[in-house]
Amino acid sequence: MSSDRALATAPSRPAGGSSIPAGLGLGPEAEEQKRRDLRKMKLVATGFLLGATVVFFVMRYLELHQAQAWAGYVRAAAEAGMVGALADWFAVTALFKRPLGLPIPHTAIIPRKKDTIGDSLGDFVGENFLSEDVVREKLGRVEVSYRVGSWIGQRQHAERITAELATAARGLVTVLRDDVVQDLIEQVLVRKLLEKEVGPPLGKILEGILVDGAHRHLVDLVCDRAYDWVTANQEMVLRVVHDRAPMWTPRFVDDLVADKLFNEVQGYAWAVKTDPEHPLRHAIDRFLAEFARDLQSDPKTIARAEQVKQQIVDHPDVQKFIGQAWGVVKGMILDAAEDPSSELRARVRDGLVSLGARLSGDAELRARLDGWLADAAGYVVRHYRREITTLITDTVARWDAEETSRKIELQVGRDLQFIRINGTVVGALAGLVIYTVSQLVF
């Protein structure tokens, strides 16, 4: 039996077995147990060879000196068993080292061909497991989005993910240097804010609000508050009239004028409040529309907006907030991460549960997400397959040849000893058949 055939028939490493690079082998106890098992199986296989040898010599003696005809059949079987045992011993040994230390060609296959085996393994994985069609087909059968949705849709799982996210967030903000993050906020975010003109985007936002009519709720609120203020401040109107009236006007005349003025103002405020089509409301709409356009196109209005922005940024309270922004945000994150009942963690958990329920019940969404995942995986294996398989080849290339051979033998050598045992048994049966046929024919 050739060494190559022995390599081909060698059983694969059991699932769950460890990888073989130096430093990544078995634990000491497991390795010692495998070493004992390997020695035991080697003794058993060698025992079959010795047994066949003893039987051969005994039968040969009976055949030559005792003229026992039946001994020839047993002798032929034992002789063939010896040959099979030796051939398979040579084949198994040649995988890992040179038999008897002799420089026989095509021996010590694993130490000599370690890098070739790594390259072949990388190519095999790349062609058969990292093929785009294979990856897409596998992802299609797995139904990732449905499994993920079913899992995170359960409250206890969402709680677990939230806890892990909180731990990650806590670790991240703890590792980040405060001065670096604060400098990033001040030098990048604030500087970018100052570099960009604020007028045009604000005008665009205001224009969108006016188109949707969302500003009317604010106008309603202002009108309501204006009417309430006028109604609640009648005494102030009377006092203003009295203060501004000429000294020579009678007091009752001032009271009549104040009452008239208050009633007119209150009535006007009421009209504005209750009439959605009041001219003042339309005037406000026109003013806001013109202001939105000016913010986007009028240089003077844009420059004024920039001045206001700069005044806001330069305000001492704002500067103080910017200087303490990261500390505030960091404290909020740490507090939320530490407190399992915090509002932030509750929202994250509820959001995960809601997402899981939607993924479980929305087939169209699942199909879309699975399609995106398949496209992403296809892109990765299509463009980075070589880099992925290089991980295998480079790792194998770093292994020590002798240590690798010893580790592999420790993993699969016990099973390979059955090849020697089978060689002895099969060889003996083949020898018996051949000898019997030759006796019948000749």
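What counts, and where the lines are drawn
- Residues numbered from 1 in each chain as written.
- Predicted model: local features only at pLDDT ≥ 70, side-chain atom pairs only at ≥ 80, totals over all residues.
- Heavy atoms only, no water.
- Helix = DSSP H or I, 4+ residues; strand = E, 2+ residues; numbered from the N terminus.
- Rg over C-alpha atoms; globule rule 2.2 N^0.38 Å.
- Areas by Shrake-Rupley, 256 points an atom, 1.4 Å probe, with all protein chains shown as cover.
- Phe/Tyr/Trp six-rings, centres within 6.5 Å; stacked < 30°, edge-to-face > 60°.
- Buried < 20%, exposed > 50% of the residue type's maximum accessible area, 1.4 Å probe, protein only.
- Patch = residues over 30% accessible without salt bridge, like charges linked within 9 Å, V, L, I, M, F, W, Y side chains within 5 Å.
- Salt bridge = Lys/Arg side-chain N within 4 Å of Asp/Glu carboxyl O.
- Core = buried A, V, L, I, M, F, W, Y, C linked by side-chain atoms within 4.5 Å.
- Axes fitted to C-alpha atoms, helices over the stretch in contact; angles between N-to-C directions.
- Parallel < 35°, antiparallel > 145°, perpendicular 65-115°, else oblique.
- Contact = heavy atoms within 4.5 Å.
- Nonpolar A, V, L, I, M, F, W, Y, C, P; charged D, E, K, R; others polar.
- pLDDT = per-residue confidence, 0-100.
- Left-handed = near helix turned anticlockwise from the far one by under 90°.

Under an unreviewed UniProt entry, the name given to the protein is Membrane protein, and the organism recorded is Pseudonocardia halophobica.

*Asks:* Describe in detail the overall build of the protein, supporting the description with residues and values.
*Replies:* Check the secondary structure of the protein and you find 19 helices and zero strands. Relative to a compact globule of 442 residues, whose C-alpha radius of gyration would be 22 Å, the protein shows 45 Å and is clearly more extended. When the backbone C-alpha atoms are referred to their principal axes, the protein occupies close to 165 × 45 × 40 Å. For the protein, the exposed area adds up to about 28300 Å²; of that, 63% sits on carbon and sulfur atoms.

*Asks:* If you had to explain the packing of aromatic side chains to someone new, which residues and values would you point to?
*Replies:* Summed over all chains, the structure comprises six aromatic pairs. Consider the rings of Phe 124 and Phe 129, whose centres lie 5.8 Å apart with planes at 65°: the pair is edge-to-face. According to the relative accessible area criterion, Phe 124 is partly exposed, its value standing at 44%. Between the aromatic rings of Phe 287 and Phe 291, the centroid separation amounts to 6.1 Å while the plane-to-plane angle is 5°, which identifies the pairing as stacked. One end of the pair, Phe 287, and the other, Phe 291, are both in helix α14 (residues 279-297), four residues apart, so they sit about a helical turn from each other. By relative accessible area, which is 52% here, Phe 287 ends up exposed.

*Asks:* I'd love a proper account of a nonpolar patch on the surface, names of residues and values included.
*Replies:* Taken together, the side chains of Val 55, Trp 70, Tyr 73, Val 74 and Leu 432 present a nonpolar region at the surface, about 390 Å² in accessible area. Looking at the nonpolar patch element by element, the count peaks at three residues for helix α3 (residues 69-96). Structurally, the position occupied by Tyr 73 is in helix α3. Owing to a relative accessible area of 30%, Tyr 73 belongs among the partly exposed residues under this scheme.

*Asks:* Can you explain the nonpolar core? Please cite residues and give values.
*Replies:* The biggest cluster of nonpolar side chains holds eight residues, and these are Val 92, Leu 95, Phe 96, Ile 109, Ile 110, Val 412, Leu 416 and Ile 419. Going through the elements one at a time, α3, α4 (109-112) and α19 (401-441) are the ones with two or more residues in this core. Counting six residues, the second-largest nonpolar core is a separate cluster that includes Ala 52, Phe 56, Ala 78 and Ala 85.

*Asks:* How would you summarise the packing of α14 against helix α15 (residues 299-314) if you had to cite specific residues and measurements?
*Replies:* At a closest axis distance of 6 Å, the pairing of α14 and α15 adopts a crossing angle of 85°. As summarised for this structure, α14 and α15 are arranged roughly perpendicular, according to the angle between their axes. Counted together, Phe 291, Asp 294, Leu 295, Gln 296 and Ser 297 of α14 and Pro 299, Thr 301, Ile 302 and Ala 305 of α15 form the full contact between these two elements. Broken down by class, the residue content of the contact of α14 with α15 amounts to five nonpolar, three polar and one charged.

*Asks:* Report on the confidence of the model for the protein, specifying residues and quantitative values.
*Replies:* In this model, the protein carries a mean pLDDT of 81, and residues with pLDDT of at least 70 account for 90%. Long-range and interchain partners of residues 1-24, a stretch whose pLDDT sits below 50, account for 43 contacts in this model, where long-range means more than four residues apart.

*Asks:* For the side chain of Arg 75, give the residues involved together with the corresponding values.
*Replies:* Here Arg 75 lies in helix α3. If we ignore the near neighbours within four places in the chain, the residues touching Arg 75 are Phe 56, Met 59, Arg 60, Glu 63 and Tyr 435.

*Asks:* Explain the environment of Ile 392 to me, using residue names and the numbers behind them.
*Replies:* Looking at the element boundaries, Ile 392 is found in helix α18 (residues 363-398). Judged by its relative accessible area of 24%, Ile 392 falls in the partly exposed class. For the pair formed by Ile 392 and Val 125, sequence separation is 267 residues and the distance between their alpha carbons is 9.1 Å. Here Ile 392 is in contact with Gly 118, Leu 121, Gly 122 and Val 125, once residues within four sequence places are set aside.

*Asks:* Now, about unusual backbone geometry: what can you tell me, with residues and values included?
*Replies:* A positive phi angle, near 55°, is found at Ala 67, a position not held by glycine. Within the secondary structure, Ala 67 is located in the loop between α2 (28-65) and α3. A relative accessible area of 67% means that Ala 67 is categorised as exposed. A positive phi is found at Leu 100, a non-glycine position, where the angle reads about 60°. As for its placement among the helices and strands, Leu 100 is situated in the loop between α3 and α4.

*Asks:* Quick rundown of the packing of helix α7 (residues 144-152) against helix α17 (residues 343-361)? Include the residues and the values.
*Replies:* When two helices pack together, their arrangement is given by the angle between the helix axes and by the axis-to-axis distance. Running from N to C, α7 and α17 point in directions that differ by 140°, and their axes come no closer than 7 Å. As summarised for this structure, α7 and α17 are arranged oblique, according to the angle between their axes. Both α7 and α17 take part in a crossing whose hand is left-handed. Here α7 contributes Ser 145, Tyr 146, Gly 149, Ser 150 and Ile 152 to the contact with α17, which in turn contributes Leu 352, Val 353, Leu 355, Gly 356, Leu 359 and Ser 360. Classifying every residue of the contact of α7 with α17 by side-chain character gives six nonpolar, five polar and no charged.

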